[in-house]
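If you want the building blocks of each chain, they are given just below.
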Amino acid sequence: MTATVDFATAADPFRRELLAHCYRMLGSLHDAEDLVQETYLRAWKAYGKFEGRSSVRTWLYRIATNVCLTALDGRTRRPLPFGLGTQGATETDPLTQDHEIPWLEPFPTDPAAIVTERESTRLAFVAALQHLPPRQRAVLILRDVLKLSAAETADELDMTVAAVNSALQRAHAQLKDLSEDEIVEPADAKQLLDRWVKAFEAKDIPAIIGMFAEDVIWEMPPYPQFYRGPDMVAWHLTNQCPSVPHGARMIATEANGQPAFGLYLRAEDGVFRPFNLQVVEASDRITRVSSFFDLSLFPKFGLPSTA
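What comes next concerns the included structure.

Reading the values: rules and limits
- Residues numbered from 1 in each chain as written.
- Predicted model: local features only at pLDDT ≥ 70, side-chain atom pairs only at ≥ 80, totals over all residues.
- Heavy atoms only, no water.
- Phe/Tyr/Trp six-rings, centres within 6.5 Å; stacked < 30°, edge-to-face > 60°.
- Helix = DSSP H or I, 4+ residues; strand = E, 2+ residues; numbered from the N terminus.
- Buried < 20%, exposed > 50% of the residue type's maximum accessible area, 1.4 Å probe, protein only.
- Lys NZ or Arg CZ within 6 Å of the ring centre and 35° of its normal.

## Here we look at the packing of aromatic side chains
Tallied over the full model, the rule gives 16 aromatic pairs. Ring centres of Trp196 and Phe200 lie 5.4 Å apart, and the angle between their planes is 40°; on these two criteria the pair is classed as tilted. Of this pair, Trp196 and Phe200 both sit in helix H10 (residues 189–201), four residues apart, which is roughly one turn of the helix. Measuring from centroid to centroid gives 5.9 Å for Trp196 and Phe212, while their planes differ by 55°, and the two rings are tilted. Residue Trp196 is found in helix H10, and its partner Phe212 is found in strand E1 (residues 212–220); the two are separated by 16 residues along the sequence. By relative accessible area, Phe212 is classed as buried at 2%. A network of ring pairs unites the aromatic residues Phe7, Tyr40, Tyr47, Phe50 and Trp59 as a single cluster. In this structure, Arg15 packs its charged tip against the face of Tyr40, placed 4.0 Å from the ring centre.

This is the structure:
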């Protein structure tokens with residue numbers, strides 16, 4: 001009993017950050033939760049042999065990283081529709097779901113979370129990580145996100161320092177077009193998002209597209225189709241979105257360090273039920289909306305079953 005209590009006291013404070021770490025590696029909230037459980041099971045079994053040569057936090061990260069690398073063996077990357085390399089959909093393209101693709105999932109960040117977690121779980125950043133081979137991905141996360149030294153990273157991954165430096169250089173080269181700071185939230189973000197909710201609940205298409213950037217992207221996993229530009233998004237919302245004026249409600253939350261909303265549509269019995277989870281990117285205008293149709297995500301984001 002004492003050993004169990006000692007382990008819980010030493011290890012439990014790191015559960016949340018290990019969840020974010022596994023999410024960055026896997027791109028899946030559901031998989032990350034399972035792998036954190038596996039990490040803690042392995043750590044608990046090995047705790048009696050832990051000699052304290054490193055901190056408990058570093059030891060747990062080593063276990064978690066290796067659990068993730070094992071889980072990634074043979075898996076394909078998790079994309080978002082925009083990252084599939086296809087052209088934006090047009091009026092003639094059928095809207096069909098594809099459940100064979102292991103889609104990238106959103107991550108429920110706490111608004112009070114440290115800046116590092118919020119920035120390093122941005123959808124664009126995690127989506128870009130999925131393009132890296134698993135070991136390069138691990139090196140980049142350990143070095144750039146967790147700020148481990150090359151020597152510490154080498155120890156975590158059983159690599160040489162030279163191999164770590166080479167892997168990091170290759171990872172940076174592949175992600176050279178990505179800047180974690182490219183998403184700059186506007187100073188009047190609350191006003192913009194309040195207008196967004198009001199317009200969307202009213203299905204006021206002109207008001208909605210009036211908030212879009214010219215290169216706005218609208219994507220909806222598990223639909224591989226995405227829409228580019230205000231005109232095409234307006235066409236989609238007018239012709240394919242089942243909501244009606246004042247037939248929707250939105251509840252605010254946060255995903256991947258970005259504003260997000262649970263969207264509820266009114267059913268025939270008058271009850272507003274979950275429809276999708278919107279993650280919104282904005283600068284001075286809305287630049288991207290990623291709507292996730294996995295309704296099992298709602299409770300994980302603290303969203304109620306009805307609105």
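## Considering unusual backbone geometry
Cis peptide bonds are those with omega within 30 degrees of zero, and the linkage from Pro221 to Pro222 qualifies with 15°. Counting through the fold element by element, Pro222 comes out in the loop between E1 and strand E2 (223–228). Even without a glycine there, the phi angle at His246 is positive, about 65°. The topology assignment puts His246 in the loop between helix H12 (230–239) and strand E3 (248–255). We classify His246 as exposed; its relative accessible area is 57%. Unusually for a residue other than glycine, Asn256 sits at a positive phi of about 55°. Mapped onto the secondary structure, Asn256 falls in the loop between E3 and strand E4 (258–266).

The values reported here are purely geometric and, on their own, carry no functional implication.
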